[in-house]
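Reading the structure
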Protein chains: 2
Amino acid sequence: MTRCEDGNGTTKCGDHEICADCVLYNLLGQHAEDAFARQLLARLTHSKSALKTGEVLKREEEPFKGLFMLTTGALKTYTISEDGNEQIISFHLPGELIGLSAMGRGYHVGCTVAISPSNLCAMPAQDLEKLCAREPKLQRRLFGLATQELSRRERLHQLMSGSRAEGRLAMALLNIACRLQSHDGSSLHRFRLPMARADLAAYLGLTPETTSRHLRSWESKGMIATRGREFEIRKPNELERMAGQEHVDGQDQDKNRFNLRVV
Amino acid sequence: MTRCEDGNGTTKCGDHEICADCVLYNLLGQHAEDAFARQLLARLTHSKSALKTGEVLKREEEPFKGLFMLTTGALKTYTISEDGNEQIISFHLPGELIGLSAMGRGYHVGCTVAISPSNLCAMPAQDLEKLCAREPKLQRRLFGLATQELSRRERLHQLMSGSRAEGRLAMALLNIACRLQSHDGSSLHRFRLPMARADLAAYLGLTPETTSRHLRSWESKGMIATRGREFEIRKPNELERMAGQEHVDGQDQDKNRFNLRVV
DNA sequence: ATATTGACTTGACGTGCATCAAATGCCCGC
DNA sequence: GCGGGCATTTGATGCACGTCAAGTCAATAT
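Let us look at the structure shown here. Bear in mind the structure is a predicted one, so any value in this text is a computation, not a measurement.

Near DNA strand D there are 18 residues, and of these Arg197(A), Ser212(A), Arg216(A), Ala165(B) and Thr210(B) occur at the shortest range. For DNA strand D, a phosphate oxygen lies 2.4 Å from a polar atom in the side chain of Thr210(B). Measuring from a phosphate oxygen of DNA strand D, one finds a side-chain N or O atom of His214(B) at 3.4 Å. Looking at the surface near DNA strand D, the elements that each hand over two or more residues are helix H7 (197-204) and helix H8 (208-220) of chain A together with helix H8 (208-220) of chain B.

Structure (structure tokens):
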């Protein structure tokens, strides 16, 4: 799988040239085998948009108009509960598709905003439909992505209902590390957390205070090292144990890495 | 929408006749417009199985072999955490599809067992694939179901991370009432809870004790009435408020009912 | 009926996390 | 470099919920 070379936060995709590193290309390119599909693909991959931190991608209850593929940056989708608290439903990291869950329902639940400067490829619903009708493989691929995400959500439910604060936090950290790494090939053990700790807390149903306390406790035990949002995981096994996953070493490493991608 | 007339827990579907009341028929029937599809449909709808309480439908990590449509009864899928606790990932009620989340991944996460005597229609993967290839509408319908379930899971996450015990419990009760009703047309306000309270607790990340205490507290306030697993919801508005959903009455009733189907 | 088993309830107690409040560090524009 | 605003840390306190332990009830078998 090719990757975006976007170390500095800006995409290298040219304006009028299909970006070979773009995950969107990975998704569609392999299924685009005739002129019609290529043409659609070109339209899809060229309708790019850039968001600054805090800019809104889509608002609560907005009708579904298409999917987005995030190439660089990070977003969150959240709702505001009646008591005014922000509840984070999901984080979106580079290489991930945004909007699948709105397709069946027809409109979006929650508001999606950029939490870092982000670049996205927009995939309008009509174009997607045409392309799917023409390329059953793409249809199946999208279906597969939907059921995989469903499966990750189930695993997330498991962790949310089964773990206490420490376990949830460990799970989230490992998961984010793993998702970042699987896209840009960075290290699993060193990464920059894309979101504020308060966001992480809101995602896990915790308070920023609890989050901070556990992180500092881990730091004092030498399990992690942090400087602002820069994280270094020093004892992944311990963290994995707390996240409720047994550590497997040696040849099962891959399986283990897969498990981390649970959410 | 037609319904199973299964008041006594046994399906009325004949052995060699397509059951017009079966939800499976609702799913596939409308898309089966040629002889080939009908033939497949007949095969699908006739491979039925019955499970007694406690019998296993599929085990942890079993490879995906097909979907099931539950016609009567109820099932749960769960995993055992390393400390020996049962964590319930989902409940399956009549009219619902079982196994979607295993399609992308290729194998099942969690073990699925019957919690009441149940009847299912099995839909083998190969048959499904053939039928999908022939009937794009069916393919799209399945995709729509997957993304809808995804959307419900997101909403569930929201409730799990945002509500305390009382809110989660209210949400679960209303949700189950709504799902039961939407299949068999029974009352939203009176129903028989298909699972033990301990199962409900395990699903919500609570203990049976907490669950019991809240239920009794509601009962003492006249919000609900219970006799064993028979439930009567006396003040739905109060419950909805606790579940974090504003009550809407009058013409918005339908929208409200829809909201209840969140999970 | 009586015994038996498992589901449910109830109480006493401890703890993990939320809450409130304040201090500290960090980033950004000037 | 300096100051303002936000993110993060830290502490003190209270409550919701988990834990442990009995007890009650309901369903089924004897």
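With that settled, the discussion passes to the packing of aromatic side chains. Taken as a whole and judged by the stated rule, the model has 5 aromatic pairs over all chains. For the pair Phe191(A) and Phe231(A), a centre-to-centre distance of 5.8 Å together with 15 degrees between the ring planes defines the contact as stacked. With Phe191(A) in strand E9 (residues 190-192) and Phe231(A) in strand E11 (residues 230-233), the pair connects residues that are 40 residues apart, well separated along the chain. Neither Phe191(A) nor Phe231(A) differs from the other in exposure class; each is buried. Relative to Tyr203(B), the ring of Phe91(B) has its centre 5.0 Å away and its plane inclined at 50 degrees; by these criteria the two rings are tilted. With a gap of 112 residues between them, Phe91(B) in strand E5 (residues 86-92) and Tyr203(B) in helix H7 (residues 197-204) connect regions that are remote in the sequence.

If you walk through the whole model with that rule in mind, you get 18 salt bridges over all chains. In this structure, the salt-bridge partner of Glu62(B) is Lys65(B), at a minimum N-O distance of 3.5 Å. Note on Lys65(B): relative accessible area 53%, which makes it exposed. Here the residues in one salt-bridge network are Lys76(A), Glu86(A) and Asp199(A), joined through shared partners.

This paragraph deals with the sheet that holds strand E2 (residues 56-58) of chain A. As summarised here, the arrangement of the 4 strands in space is E2-E7-E4-E5 (chain A), forming an open sheet in which the pairing is antiparallel. Only two strands of the sheet have a single partner each, and these edge strands are E2 and strand E5 (86-92) of chain A. Looking at each pair of strands side by side, their axes are set apart by 30 degrees on average, direction ignored. Alignment of strand E4 (residues 75-80) of chain A against E5(A), held across 6 bridges, turns out to be antiparallel. Residue Thr77(A) lies in a different strand from E5(A), and its bridge partner there is Ser90(A). Strand contacts of helix H5 (residues 136-162) of chain B: E4 and E5 of chain A, with the helix running at about 130 degrees to E5(A), the strand carrying the most contacts.

Neighbouring DNA strand C are 18 residues; Ala165(A), Thr210(A), Arg197(B), Ser212(B) and Arg216(B) lie closest to it. When atoms of DNA strand C within 4 Å of the protein are sorted by moiety, sugar and phosphate together comprise 71%. Between DNA strand C and Ala165(A), the relevant distance is 2.8 Å, taken from a phosphate oxygen to a main-chain nitrogen or oxygen of the residue. At 2.3 Å, a side-chain N or O of Thr210(A) approaches a phosphate oxygen of DNA strand C. Of all the secondary structure elements, the ones that give two or more residues to the surface near DNA strand C are H8 of chain A together with H7 and H8 of chain B.

Okay, H7(A) next. Of all 8 residues in H7(A), 6 are buried; the element is thus mostly enclosed. Inspection of H7(A) places Asp199(A), Leu200(A), Ala201(A), Ala202(A), Tyr203(A) and Leu204(A) among the buried residues, and these make up the whole buried set. Where H7(A) is buried, its residues meet E4, E5, helix H5 (136-162), helix H6 (165-184) and H8 of chain A together with H5 of chain B. Positioned one or two residues after H7(A), Gly205(A) has a phi angle of 75 degrees, which is positive.

Parameters at a glance
Residues numbered from 1 in each chain as written. Chains lettered and ligands numbered in written order. Predicted model: local features only at pLDDT ≥ 70, side-chain atom pairs only at ≥ 80, totals over all residues. Heavy atoms only, no water. Near = heavy atom within 4 Å. Polar contact = N/O pair within 3.5 Å; in protein donor to acceptor, adjacent residues only side chain to side chain. Helix = DSSP H or I, 4+ residues; strand = E, 2+ residues; numbered from the N terminus. Phe/Tyr/Trp six-rings, centres within 6.5 Å; stacked < 30°, edge-to-face > 60°. Buried < 20%, exposed > 50% of the residue type's maximum accessible area, 1.4 Å probe, protein only. Salt bridge = Lys/Arg side-chain N within 4 Å of Asp/Glu carboxyl O. Pairing = 2+ DSSP bridges. Axes fitted to C-alpha atoms, helices over the stretch in contact; angles between N-to-C directions. Contact = heavy atoms within 4.5 Å.

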